[in-house]
Amino acid sequence: MRFGEQRPDWPEYLAGRANQTRNRKLADYFSTGSLSADMAIGEAPLVALDLETTGLDATRHDIVSIGVMPFTLERIRVSDGRYWVLSPRRALSDESVAFHHITHTEVAQAPDFAAIIDELLACLKGRLVVVHYRQLERSFIDAAVRERLGEGLLFPVIDTMSLEARIHRQSWWARLRRWAGRPVASIRLHESRLRYNLPAYTGHHALVDALATAELLQAQIARHYRWETPVGELWR
Amino acid sequence: MNVEQLDIRDHLARYAPFDSLPDALLDRIAEGIEVRYFQAGTDLLVKDQAVEELWYIRSGAVEMFQRSGRLFNRLGEGDVFGYSDLLRNRRVRYPVRALEDTLIYFIPAAIFDEVCEQDDDFAEFFDTGGRRLKATVEQHRDDSDMMSTRVRKLIDRPPEMVDVDTPLQTAAQRMRDTNATSLLVLDTAMEASARTFTDRDGHNRQLVGILTDRDFCARMAAGGLSPDVPVGEVMSRRVIVVQSDETVHEAMLSMLRNQVHHLPVLHRRQPIGVLHISDIVRYETPTSLFLVNNIFLQNDIDQLARLSGEVRTAFARMVADGANSEMVGRSLATIGRSFTHRLIELAEAELGPPPVPYCFMVLGSMARDEPTITADQDNALVLDDRFDPEQHDAYFAALAKFVSDGLAACRYPYCKGDVMATNPRWRQPLAVWKRYFTEWMDEPNPESLLHSSIFFDLAAVHGDEPLVEALQDLIAELAPKRPYFLAAMARNALGRTPPLGFFRTFVMEQDGKHRKSINLKRRGTAPLVDLVRVHALACGSKAQNTFARLDDIARTRLLADGVNDRLRYAFEFLSMVRIRHQAHDIEQGDEADNNVEPENIASRERHHLKDAFEVISHAQKFLGFRYPMPSKTKKAR
């Protein structure tokens, strides 16, 4: 499956996988819950997901930590959040050590992704995943699961970054600004949050960023969409 | 669970009543937090809705309304609401609406009850409700709250931490980039022990040293340090720490006893911040925020008048703490407007609701957000056009008198030029005000120009704000198209000149009383404010504050490159000299004024003062050139 401009028919894909998968864990994941495109976002069970990785390329780099935060538009219960530090298969580069403040010795003691798959799937199951910048999260989870279970894991996601891009980069006003040589609005997580008066958090911690993403989605829906907006208009 | 990483606990710990909770209970609350975002204008609590949680404002602001629909209270970051109904197990009495985009933390009722059960002070806080602020302010005056406030309340950022093997140069860069005056040095421990803590990634770490900016200077001065030396070899291994739930008083004693200026603060064994001696000094300052809250708790003029002494103390402390002129101006303006606002509420309580809508506006320095402690009152009433003098004026005359007398009692003297809402001429419906402003701009005459420096700085304080906005819109629309008015204003702005020969020839004010002094308002800040106003009017700016006007002017090509920055610098400097001088007067027990004696100006300041006066002088010359008087025929428009 390719992720170009085409939006896949997610319910069909998920149902197909539920029937075809040979893996018990994945079968359980795919057959739980019914994410339908016309479900209102205000009703949808959601889960914010954030990864810290050793680089940007899922074929060459690994996941260092994962934060997940189940939530709804109504509430984020912080005690439901989960966080894991993982041991990457490939050596941690010095840049990513500096970036995440996670050191070589720390990572050496951490478990492999395989050890947390069950817990992770339990958190994601039946919930619509929310990320900031889907290409990264999607490709890394897919690759990591494929490596351990022999099959990939894809699911629909709401990408708060592309929602922000729709609003700030693709509107006629944004185009006009660009044409006039004005700076383009930043759609990074931190800068996006500031536009909604959300507080500044110290970044680069997967659980903090998962919470930050959940809050950002609540803010985006409040300002630009409605609770009745069907998830099919938002997911990718 | 990793809830500790989420910044929630640290935020709660900075605000009452969470600041005085023991760690275990604070953790209990932090772990149970639920979060939701609300857009500005959203109703948060609707009347008669069931209340199931305590609401805590993480960011943003909300408004609470009385049954009558009138504004009852405004709450901001760190404030809580919903508790009075929650405690009494009843439905919402006071509806609440988001004033800004707001992020709320919910504390579920079960946890709230549990903590109230276990901590009497916490329960007490919610029982006494509004009266607490007053008590806190009173407590603030003696030192007793240093005895009860916990150290963690003073921590507002996480510590900067480095590994023992970090090269000295990297450490120095980190300090520079983060503006930190100290670095905590950590080592990785193989096993957990009584001295290690677990970091956010689950690893055992140990605080082994501290490196301060003073260490750097001292050890660099001793010579021979290579930038590649690991910090572990340079740091001080003597680390005096304080636990986050110890009191500020204990921390201060520990600093004095151990002769250190930096005190790492630990939550159990984990460093959560570094306390600097200046944090403690600063903490002892009564802030303007306290005052503003207190103003709204007073129920008559006598009570309000008693607060005016505190305004002076707060002002002097603010200056001593190194606030800049914008911060001082904004704080004093907020305080002045709060007095006015509260007086209007009290007047309405006495006189009943207004017969027609109105807006109470302030003029001059208060509207510009830059009053000093000597500011007098300049105000006016803009009334709805349904105003009928026969029927309604008695009400507004009484309201104006109440507010004006009240302000005078609170040490905002009556305006010498009678620009006050008590003057019937300045208590008029919108249509009349529009006519005034239009006439002033179409046909400026010496008398109207006299008013211009007051009336063209205007801001709503209370009531129907669109009435004042309509006037601001009118000015912004007409002024740029009235060259004759701009020229007259420009000429007027040249009336007061800076004393260029100040230090050489001692050009002093000739009013007898201050013969050997210079009036920094009349000869410094006022001419600058006047000339900035002319440019602001010319470019259709609706800003009132001088810095904000300069921002607007900077977007045009009215001024040559660099002039804007020089004006800004001159204004900041002159304002600060004036403000510091007034703070000095107050500390000496004198009445503050604007007259500065040359001998009271440090020699290094004289140089800057001369520069500032020269900037004004140049800008004045340009003003006459930029806005020339049009020929008579053009005037008739």
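Residues numbered from 1 in each chain as written. Chains lettered and ligands numbered in written order. Predicted model: local features only at pLDDT ≥ 70, side-chain atom pairs only at ≥ 80, totals over all residues.

Report on the confidence of the model for chain A, specifying residues and quantitative values.
With 81% of its residues at a pLDDT of at least 70, chain A reaches an overall mean of 83. Predicted confidence for residues 1-5 of chain A stays below pLDDT 50, and this span has 2 contacts to residues more than four positions away or in other chains. (pLDDT = per-residue confidence, 0-100. Contact = placed C-beta atoms within 7 Å.)

How would you summarise the interface of chain A and chain B if you had to cite specific residues and measurements?
Taken residue by residue, the interface counts 28 residues in chain A and 28 residues in chain B. Contributing elements (two or more residues each) for the side of chain A that touches chain B: strand E3 (76-77), strand E4 (82-85), helix H4 (104-108) and helix H10 (206-224) of chain A. Of the residues forming the side of chain A that touches chain B, the biggest block, 8 residues, is contributed by H10 of chain A. In this structure, E3 of chain A lies alongside strand E1 (residues 34-38) of chain B, joined through 2 bridges in antiparallel fashion. Each residue of the ladder has a partner; that of Arg77 of chain A, found in E1 of chain B, is Glu34 of chain B. (Helix = DSSP H or I, 4+ residues; strand = E, 2+ residues; numbered from the N terminus. Pairing = 2+ DSSP bridges.)

Which residues make up the pairing of strand E5 (residues 128-131) of chain A, and what values go with them?
All names here are of chain A. A two-sided burial pattern is seen for E5, the buried positions comprising Leu128 and Val130 on one face and Val129 and Val131 on the other. By the bridge criterion, 3 bridges tie strand E1 (residues 46-53) to E5 in an arrangement that is parallel. The residue of E5 that forms the bridge with Ala48 is Val130. Here E5 runs beside strand E6 (residues 157-159); their pairing, made up of 3 bridges, is parallel. Considered in E6, the bridge of Val129 is made with Val157. Between the parallel elements E5 and E6, the chain passes through helix H6 (residues 134-149) in a crossover that is right-handed. (Buried ≥ 20, exposed ≤ 12 C-beta atoms within 10 Å, placed from the backbone. Right-handed = clockwise from strand over helix to strand, strands pointing away.)

For the sheet that holds strand E18 (residues 427-429) of chain B, give the residues involved together with the corresponding values.
Residues and elements named next belong to chain B. Here we have 4 strands laid out as an open sheet, ordered E18-E17-E16-E19, and mixed in their pairing. Of all strands in the sheet, those with a lone pairing partner are E18 and strand E19 (458-463), marking the two edges. The sheet shows a mean angle of 30° between the axes of neighbouring strands, direction not considered. As defined by bridge partners, strand E16 (residues 358-363) adjoins E19 across 5 bridges and the pair is classed as antiparallel. Counterpart to Val362 in the pairing with E19 is Ala459. Here helix H15 (residues 325-351) sits on the sheet and contacts E16 and E19; the angle it forms with E19, its principal contact strand, is near 35°. (Axes fitted to C-alpha atoms, helices over the stretch in contact; angles between N-to-C directions.)

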